[in-house]
Amino acid sequence: MIRKLVLFTRGIETLWYFSEQIGKTFQKLGYDIFYFDQCKEYDSFSNLLDFCEPRVTAAVSFNFDGCSGEDYMIDSDGINFFEAREIPFINIVVDHPFYYHKFLPFLPKDYTQISIDRDHEAYLKRFFPWMKRGPFLPLAGTTICKNDELPGWEERPYDVVFTGNYTPPTDFVNVITRIDDEYTQFYYDIINDFIQHPHLGMHQGLIQHLKDNVEGGIDENGLRDTLPNMIFIDLYVRHYFRGEVVKTLVDAGLKVACFGAGWNRLDCKHPENIINGDVQDSYGCLQQICKGKISLNVMPWFKDGAHDRVFNSMLNGAVCFTDWSKYLEEELENNRHVMFYELDELEELPDRMRALLSDREKWESIQRQAYKKAKADHTWENRANRIHKEILCKIV
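Figured I'd write up the structure that's included with this text. Per-chain numbering applies: the sequence of each chain, read as written, is numbered from 1 onward. For a predicted model such as this one, the threshold for reporting local features is a pLDDT of at least 70, and the threshold for listing and counting side-chain atom pairs is 80 or more; totals across whole chains, interfaces and linings nevertheless cover every residue. Hydrogens are left out, water is left out, and the side-chain values use all remaining heavy atoms of the structure.

### Observations regarding the overall build of the protein chain
Piece 1. Within the protein chain one finds 15 helices and eleven strands.
Piece 2. With the radius of gyration taken over C-alpha atoms, the globule rule is written as 2.2 Å times the number of residues to the power 0.38. Taken against the 2.2 N^0.38 rule, which gives 21 Å for 396 residues, the C-alpha radius of gyration of the protein chain at 22 Å falls within 12% of a compact globule.
Piece 3. The dimensions of the protein chain, computed from C-alpha atoms along their principal axes, are 60 × 60 × 35 Å.
Piece 4. A burial count over the protein chain gives 57% of its 396 residues as buried.
Piece 5. The long-range share in the protein chain, meaning contacts at least 24 apart out of those at least 6 apart in sequence, stands at 68%.
Piece 6. If the 44 positive side-chain charges of the protein chain are averaged to one point and the 62 negative ones to another, these points end up 6 Å apart. Helix numbering and strand numbering both begin at the N terminus, where a helix is a DSSP run of H or I of at least 4 residues and a strand a DSSP run of E of at least 2. For the exposure calls, accessible area comes from a 1.4 Å probe over protein chains only, and a residue counts as buried if that area is under 20% of its type's maximum, exposed if over 50%, partly exposed in between. Should any heavy atoms of two residues lie within 4.5 Å, those residues are considered in contact. Counted charges follow a simple rule, with Lys and Arg positive, Asp and Glu negative, and His plus the chain ends left uncounted. Positions of charges follow a simple convention, taking NZ of Lys, CZ of Arg, CG of Asp or CD of Glu.

### Some details on the sheet that holds strand E10 (residues 319-323)
Backbone hydrogen bonds are what pair the strands of a sheet, in a parallel or an antiparallel way.
Piece 1. Strands sit in the order E8-E7-E6-E9-E10-E11 across an open sheet of six strands; the sheet is parallel. Edge positions in the sheet fall to strand E8 (274-277) and strand E11 (339-341), since each has one partner strand and no second. Pairwise comparison of adjacent strand axes, ignoring direction, gives a mean angle of 25 degrees for this sheet.
Piece 2. Its contacts with the sheet place helix H10 (residues 282-289) against strand E6 (158-163), strand E7 (256-259) and strand E9 (292-297), and it is angled at close to 160 degrees to E6. Paired strands, in this sense, are two strands between which DSSP finds at least two bridges. Lines fitted to C-alpha atoms define the axes, with helix axes restricted to the stretch in contact, and inter-axis angles between N-to-C directions lie between 0 and 180 degrees.

### Some details on the packing of aromatic side chains
Piece 1. When two rings of Phe, Tyr or Trp (its six-membered ring) have centres within 6.5 Å they constitute a pair, described as stacked for plane angles under 30 degrees, edge-to-face for angles over 60, and tilted for the intermediate range. Scanning the entire structure with this criterion turns up 35 aromatic pairs.
Piece 2. Consider the rings of Phe64 and Tyr111, whose centres lie 6.5 Å apart with planes at 20 degrees: the pair is stacked. Of this pair, Phe64 sits in the loop between strand E3 (57-62) and helix H3 (81-84) while Tyr111 sits in strand E5 (residues 111-115), and the two are 47 residues apart along the sequence. Comparing Phe64 with Tyr111, the two get one shared label, buried.
Piece 3. Taking the centre distance of 6.4 Å and the plane angle of 50 degrees together, the rings of Tyr123 and Phe128 count as tilted. Like Phe128, Tyr123 is buried.
Piece 4. Comment: the charge-over-ring label is applied if NZ (Lys) or CZ (Arg) is within 6 Å of the ring centre and within 35 degrees of the ring normal. Sitting over the ring of Trp153, Lys293 keeps its end group 5.3 Å from the ring centre.
Piece 5. The ring of Trp301 has Lys303 sitting right over it, with the charged end atom 3.9 Å from the ring centre.

### Here's the deal with the sheet that holds E3
Piece 1. Taken in spatial order, the five strands make up an open sheet running E2-E1-E3-E4-E5, and their pairing is parallel. Both edges of this open sheet fall to strand E2 (32-37) and E5, since each of them pairs with a single strand only. The average angle at which neighbouring strand axes cross in this sheet is 20 degrees, direction not considered.
Piece 2. Contacts from helix H2 (residues 41-51) reach strand E1 (4-9), E2 and E3 within the one sheet, and its direction differs from that of E2 by about 155 degrees.

### Overview of a negative patch on the surface
Piece 1. Taken together, the side chains of Asp180, Asp181, Glu182 and Glu215 make up a negatively charged region of the molecular surface.
Piece 2. With respect to the helices and strands, the residue Asp180 is situated in the loop between helix H5 (173-176) and helix H6 (181-196).
Piece 3. Asp180 sits in the partly exposed class, given a relative accessible area of 33%. Nonpolar side chains (Val, Leu, Ile, Met, Phe, Trp, Tyr) within 5 Å and like charges within 9 Å form the patches, drawn only from residues with over 30% relative accessible area and no salt bridge. Throughout, the Shrake-Rupley method with a 1.4 Å probe supplies accessible areas, and for residues the shown protein chains are the sole cover considered. Note on definitions: salt bridges are taken to be side-chain nitrogens of Lys or Arg within 4 Å of carboxyl oxygens of Asp or Glu.

### Some words on the state of the cysteines
Piece 1. Put simply, a disulfide is two cysteine sulfurs that come within 2.5 Å. Under the criterion given, the structure shown has zero disulfides.
Piece 2. In this model Cys67 remains outside any disulfide bridge; the closest cysteine sulfur is found in Cys52, 14 Å from its own.
Piece 3. We classify Cys67 as buried; its relative accessible area is 0%.

### Some points on the packing of helix H1 (residues 13-28) against H10
Piece 1. H10 packs onto H1 with a crossing angle of 85 degrees between their chain directions and a minimal axis gap of 9 Å. One finds that H1 runs roughly perpendicular with respect to H10. Contacts between H1 and H10 pair Glu13, Thr14 and Tyr17 from the former with Ser282, Tyr283 and Leu286 from the latter.
Piece 2. Throughout this entry, Asp, Glu, Lys and Arg are counted as charged residues, while Ala, Val, Leu, Ile, Met, Phe, Trp, Tyr, Cys and Pro are counted as nonpolar. The remaining residues, Gly among them, count as polar. In terms of residue class, the contact of H1 with H10 is built from three nonpolar, two polar and one charged. By the definition adopted for this analysis, an angle is roughly parallel if under 35 degrees, roughly antiparallel if over 145, roughly perpendicular if from 65 to 115, and oblique otherwise.

### Let's talk about H6
The α-helix winds at 3.6 residues per turn, so residues separated by three or four positions along the chain end up facing the same way.
Piece 1. Working rule for helices: expected span equals 1.5 Å times residues minus one. Given a rise of 1.5 Å per residue, 16 residues ought to cover 22 Å, and the 22 Å separating the end C-alpha atoms of H6 matches this to within 8%.
Piece 2. Along H6, the residues that are buried comprise Thr184, Phe186, Tyr187, Ile190, Ile191 and Phe194. Within H6, the buried residues cover an arc of 165 degrees as seen down the axis, which keeps them to one side. What points out from H6, more than 90 degrees from its buried face, is the exposed set Asp181, Glu182 and Gln196.
Piece 3. Buried residues belonging to H6 abut H5, helix H7 (202-213) and helix H9 (231-251). It is the directions from the helix axis to the C-beta atoms that the arc portrays.

### Thoughts on the nonpolar core
When a protein is soluble and globular, its nonpolar side chains tend to lie buried together.
Piece 1. Counting 81 residues, the largest nonpolar core has Val6, Leu48, Phe82, Ile233 and Leu296 as the members making the most contacts within it.
Piece 2. When residues of this core are assigned to their parent elements, the largest contribution, ten residues, is made by H9.
Piece 3. Excluding anything up to four places from it in sequence, Ile233 contacts Tyr187, Ile190, Ile191, Phe194, Met202 and Leu206.
Piece 4. The definition of a nonpolar core used throughout is a set of buried Ala, Val, Leu, Ile, Met, Phe, Trp, Tyr and Cys residues joined through side-chain atoms within 4.5 Å. Among the nonpolar cores identified, the runner-up in size contains 48 residues, and Leu5, Phe18, Ile90 and Leu137 belong to it.

This is the structure:
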């Protein structure tokens, strides 16, 4: 029976924050928690040796922390520490899996991967059918509001808040043009396809273009091995739309408070309408969401999952405007829990935001119902409980 858990901190700040949130619930459930400090890895590893007991310890990670080939986790025979100690390893992957093919050789044998998007699950099932998969587990949110008391209308100085960085698409030009004109045109054709068809899933679109354009055809192994070389298209498209959404709003006269790097580089007609906030850590982002009447979300191309910005907004009292995903459409009700918009109908977005900002009663109604829905179903406490019931309790 599992009664001890290893979690990972002091790596990428967002993942560290997620680990701490699920760790709080695991502690309430009675687990003894060890937080592996990735900034003091060798000291932490020494303590890990004392903590871990075979058959009563498991590890819960985000994005391959602890199983990505870290030298301190691999012995002289190339065996991962958790495999050597017979410790089940559960890994929650918060990006598309094609970012992480390079880590597959380092996975311990008793390994379970959790996807935050059902398209990602389908990708694993198609290209890595041998991999044990856990339950579909979308990202969750965190509230910093005490006793269900959400900051009200007057306490929110910003009309629209966005928490996230921006990279201009021009930064990807060198990658797109690095081979020759034929490849450059091939890549831009794919990018334009996603721009024109924003409901198209990332790997689905890439696969179709590869099948249509690779002379002599391409088999499943070829597709699997080629897709990680096209990650820059995913990055290009997500930042393209992130910029287009904010540009549409500010050029229409709305003030948007952007907390993240790069927004001074957005090419728009009215940059004076961008309130350039400082780069924030996870807690700081939640603080800024508490200051916004509307919290803008632009999905990082999760077409059948959710981003934590959606649930963070709902849990901290800002009405979330988000683009579509199949999962969100099933789970949340438009104009009740969130306000959906379409990436190919951005011209409608400014007037819809203005309409909500002029209707305080509707705003307060959505705020209340969104908070209630997210608190019931979309906190990290909810996700930790599912891992406990659906995985940890079943480990013999």
